[in-house]
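What the coordinates show
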Amino acid sequence: MSCVRYGVRLSDQLLSFRLRAVLVCALVVFGLGCGAEEDGQDSGESRAKLTESGAFYVAYTPSPDPIPFNQLFELDVEVWESADMANAVADADVSVEVTMPAHGHGMNTEPTVTNNDDGTYLVEGMKFHMESQSPAERWEIAVSVDRDGTADTAVFEVMCCGQ
Ligand SMILES: [Cu+2]
């Protein structure tokens, strides 16, 4: 909005045609830039977030990174009490459920989770056997954390594969 107001004010000052053309180009470029940024946020594949009820903060790092298509990969999952990452949660039960919601299926492998007793959890046996042709065909990695009766889940959206 401020861009538009600014443009109108400048044209009121009877700028030369050439200068106005440059200004319009700049506005177009600026607008496209903003749009691309918003698209990026919409389809953003955050690797760290609060669980749905805010009980934990979960982050993951795949290995290899980026995740390869149709090959086994691992996740290094880290769990904290809150987003400030001050206190690691080392004594939780962590489980992972992976689905491709658009197709109503999961993986063909059964991942295992090993507690490293330091707030990190190793997930082995992951494999994405289908590629995401569009954001609708994303995979979702639901990481569930259960500690002392407090259970909460963070769902990560992942496009398969590469980039
Ligand atoms: Cu599928």
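Residues numbered from 1 in each chain as written. Predicted model: local features only at pLDDT ≥ 70, side-chain atom pairs only at ≥ 80, totals over all residues. Heavy atoms only, no water.

The protein is annotated in an unreviewed UniProt entry as YtkA-like domain-containing protein from Persicimonas caeni.

Right, let's talk about the coordination of the copper ion for a bit. Taken together, Met100 (SD), His103 (ND1), His105 (NE2) and Met130 (SD) make up the full set of protein donors to the copper ion, lying 2.0 to 2.3 Å away. Relative to the metal, the four donor atoms surrounding the copper ion lie at angles of 93 to 123 degrees, and the coordination shape comes out tetrahedral. When the donor residues of the copper ion are listed from N- to C-terminus, their spacing reads M-x2-H-x1-H-x24-M. (Donors = N, O, S within 2.8 Å, 3.2 Å for Na, K, Ca; no water. Tetrahedral: all angles 85-135°; square planar, octahedral: opposite > 155°, others 65-115°.)

Attention now goes to the pairing of strand β6 (residues 112-115). As paired strands, β6 and strand β7 (residues 120-126) are joined by four bridges and run antiparallel to one another. Residue pairing across strands places Thr112 opposite Glu124, the latter belonging to β7. Counted along the chain from β6 to the antiparallel partner β7, the turn is four residues long, and its residue Asp117 has a positive phi close to 60 degrees. (Pairing = 2+ DSSP bridges. Helix = DSSP H or I, 4+ residues; strand = E, 2+ residues; numbered from the N terminus.)

In terms of residue burial, strand β8 (residues 139-147) counts as a mostly covered element, since seven of its nine residues are buried. Here seven bridges tie strand β4 (residues 93-100) to β8, and the two strands are oriented antiparallel to one another. Paired with Val98 across the strands is Ile141, a residue of β8. Relative to strand β9 (residues 150-158), β8 is paired through nine bridges, and the arrangement is antiparallel. Note that in β9 the partner of Ser144 across the bridge is Thr153. With antiparallel pairing between neighbouring strands as the criterion, β8 and β9 make up a hairpin whose turn holds two residues, including Asp148 at a positive phi of roughly 50 degrees. (Buried < 20%, exposed > 50% of the residue type's maximum accessible area, 1.4 Å probe, protein only.)

Take the environment of Pro66 next. One can find Pro66 in the loop between β2 (57-63) and β3 (73-80). On the basis of relative accessibility, which here comes to 39%, the residue Pro66 falls in the partly exposed class. Expressed as a C-alpha distance, the spacing of Pro66 and Cys161, which sit 95 residues apart in the sequence, is 7.3 Å.

Below, the discussion takes up the sheet that holds β3. The strand order across the open sheet formed by five strands is β1-β2-β3-β7-β6, and the pairing between neighbours is antiparallel. Pairing within the sheet leaves two strands with one partner each, and these edge strands are β1 (48-50) and β6. Averaged over all neighbouring strand pairs, the angle between strand axes comes to 20 degrees, with direction disregarded. (Axes fitted to C-alpha atoms, helices over the stretch in contact; angles between N-to-C directions.)

On to the environment of Val143, then. Counting through the fold element by element, Val143 comes out in strand β8. Among the residues examined, Val143 registers a relative accessible area of 1% and is labelled buried. Considering only alpha carbons, one finds Val143 and Val155, 12 residues apart in sequence, at a separation of 6.2 Å. If we ignore the near neighbours within four places in the chain, the residues touching Val143 are Val58, Val77, Val94, Ser95, Val96, Asp152, Thr153, Ala154 and Phe156. (Contact = heavy atoms within 4.5 Å.)

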